[in-house]
Amino acid sequence: SVTTKIAPSMLSSDFANLASESHRMLTFGADWLHMDIMDGHFVPNLTLGAPIIESLRKHTKAYLDCHLMVTNPLDYVEPLGKAGASGFTFHIETSKDNWEELIQRIKAQGMRPGVALKPGTPVGEVYSLVEAENPVELVLVMTVEPGFGGQKFMPEMMDKVRTLRKKYPSLDIEVDGGLGPSTIDAAASAGANCIVAGSSVFGAPEPAQVISLLRNSVEK
Ligand code: DX5
Ligand code: ZN
């Protein structure tokens, strides 16, 4: 059965203090650290890449859950593997023709492959990746348009989560965008077990309370 993973999105952290922000989230009960890698092309924002993952890796053993919002994810596989990334989740919209090669290369670098879908992308586009001989191990259902933290959760995306959970009882299903105390129950009851949360955690006076609330909702 699937286990709960609460993954604070470090996009909402103080990037000038990434190591201490990461330690703080782990102390508060985070399971994974969600790292949003954007190239200013697939999405209209630019964040961080392999050099920063490599720097952070020197300060923590935590699972670094990398979400690749980039046009050419294949170019990032080797640098991120060498930098110490743990999960590598690419967008299906960028990789319709080469996902088999991508998955194979991600695994060869010792990372765990995942696939993400933008809100406008039908869930059926990832079935073949989950059912492949060499499959992805996580599906990330975006619940906002990728690019920025602090946007509003799209509840209509829960149909995708329900469909995936029904088909794949032991798949890691991640949700990302607008998750917090007021939206977690919808995601949890639909079947999501990996929860990304940026502004709701970092913006809270007591982030540990938000992390435990998210966990309790998934586990109830
Ligand atoms: C958006 C990113 C998210 C973002 C979530 O493109 O993929 O990970 O940081 O932030 P919140 O939780 O504030 O919506
Ligand atoms: Zn993300």
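Model, not experiment: these values are computed from the prediction. Within each chain, residues carry numbers counting from 1 in the order of the written sequence. The order in which chains are written sets their letters, starting at A; the order in which ligands are written sets their numbers, starting at 1. Side-chain atom pairs in this predicted model are given and counted only at pLDDT of 80 or more, local residue features only at pLDDT of at least 70, and totals for whole chains, interfaces and linings cover all residues.

## Focus: the environment of alanine 192
Secondary structure elements are taken from DSSP: a helix is a run of H or I of four residues or more, a strand is a run of E of two residues or more, and numbering for both begins at the N terminus. With respect to the element layout, alanine 192 can be found in the loop between α7 (184-190) and β8 (194-197). With C-beta atoms placed from the backbone, a residue is labelled by how many other C-beta atoms lie within 10 Å of its own: buried for 20 or more, exposed for 12 or fewer, partly exposed between the two. Using a count of 32 C-beta atoms within 10 Å as the deciding quantity, one classes alanine 192 as buried. What counts as a contact is two residues whose backbone-derived C-beta atoms lie within 7 Å of each other. The contact partners of alanine 192, leaving out residues within four places of it in the chain, are Val161, Ile173, Glu174, Val175 and Ala187.

## Overview of the site of ligand 1
A molecule or strand has a residue near it when that residue's C-beta atom, placed from backbone coordinates, lies within 6 Å of it. Residues in contact with ligand 1 amount to 22 residues; listed here are only the nearest, Ser9, Leu11, Gly149, Gly198 and Ser199. Counting residues per element, the ones that place at least two in the shell around ligand 1 are β2 (32-38), β8 and α8 (199-202). Residue polarity is assigned by list, with Asp, Glu, Lys and Arg as charged and Ala, Val, Leu, Ile, Met, Phe, Trp, Tyr, Cys and Pro as nonpolar; anything else, Gly included, falls into the polar class. Residue classes in the shell around ligand 1 are distributed as seven nonpolar, 13 polar and two charged.

## With respect to the UniProt feature "active site" (unreviewed entry) in the protein chain
Following the UniProt record, the feature "active site" (unreviewed entry) maps to Asp36 and Asp176 here. Annotated residues spanning 141 residues; largest pairwise C-alpha distance 10.5 Å, indicating a single compact cluster. Tracing the chain through its elements places aspartate 36 in strand β2. For aspartate 36, a count of 24 C-beta atoms within 10 Å corresponds to the buried category. Once you skip the residues sitting within four places of it in the chain, aspartate 36 turns out to touch Ser9, Leu11, Thr47, His67 and Met69. Every residue in contact with aspartate 176, bar those within four places of it in the chain, is listed here: His67, Leu140, Met142, Thr143 and Val196. UniProt positions are given in the numbering used here, feature names are shortened, and annotations may be inferred rather than shown by experiment.

## Overview of the UniProt feature "binding site: substrate" (unreviewed entry) in the protein chain
Per the UniProt record, "binding site: substrate" (unreviewed entry) is found at Ser9, His67, Gly147, Phe148, Gly149, Gly150, Gly178, Gly198 and Ser199. With respect to the secondary-structure elements, glycine 149 resides in the loop between β6 (138-142) and α6 (158-167). Accessibility expressed as a C-beta count within 10 Å gives 22 for glycine 149, which makes it buried.

## Let's talk about the packing of helix α2 (residues 50-57) against helix α3 (residues 74-83)
Helix axes are fitted only over the stretch in contact, all axes being lines through C-alpha atoms; the angle between N-to-C directions runs from 0 to 180 degrees. At a closest axis distance of 8 Å, the pairing of α2 and α3 adopts a crossing angle of 15°. With respect to each other, α2 and α3 are oriented roughly parallel. Note that α2 runs across α3; the crossing there is right-handed. Contacts between α2 and α3 pair Ala50, Ile53, Glu54 and Arg57 from the former with Tyr76, Pro79, Leu80 and Ala83 from the latter. For the contact of α2 with α3, a count of residues per class yields six nonpolar, no polar and two charged. For classification purposes, an angle smaller than 35 degrees is called roughly parallel, one larger than 145 roughly antiparallel, one from 65 to 115 roughly perpendicular, and anything else oblique. Should the near helix be turned anticlockwise from the far one by less than a right angle, the crossing is left-handed, and should it be turned clockwise, the crossing is right-handed.

## Here's the deal with the pairing of strand β1 (residues 5-8)
Residues Lys5 and Ala7 of β1 are buried on one face, and the alternating residues Ile6 and Pro8, pointing to the opposite face, are buried as well. Two strands are counted as paired when DSSP detects at least two bridges linking them. Of the strand pairs in this sheet, β1 and β8 are connected by four bridges, and their pairing is parallel. Paired with lysine 5 across the strands is cysteine 194, a residue of β8.

## A closer look at α6
By the burial criterion, the buried members of α6 are Met158, Lys160, Val161 and Leu164. In a view along the axis of α6, the buried residues occupy a sector of 150°, so they form one face of it. Facing away from the buried side of α6 by over 90 degrees, the exposed positions are Asp159, Lys166 and Lys167. This arc is taken over the directions from the axis of the helix to the C-beta atoms.

## A word on the sheet that holds strand β4 (residues 87-91)
Taken in spatial order, the eight strands line up as β1-β8-β7-β6-β5-β4-β3-β2 in an open sheet, and their pairing is parallel. Two strands in the sheet have a free side with no partner beyond their single neighbour: β1 and β2. Across the sheet, the mean angle from the axis of one strand to that of its neighbour is 20°, orientation sign disregarded. When strand β3 (residues 63-69) meets β4, the two strands line up parallel, connected through four bridges. Directly across from aspartate 65, in β4, lies its bridge partner glycine 87.

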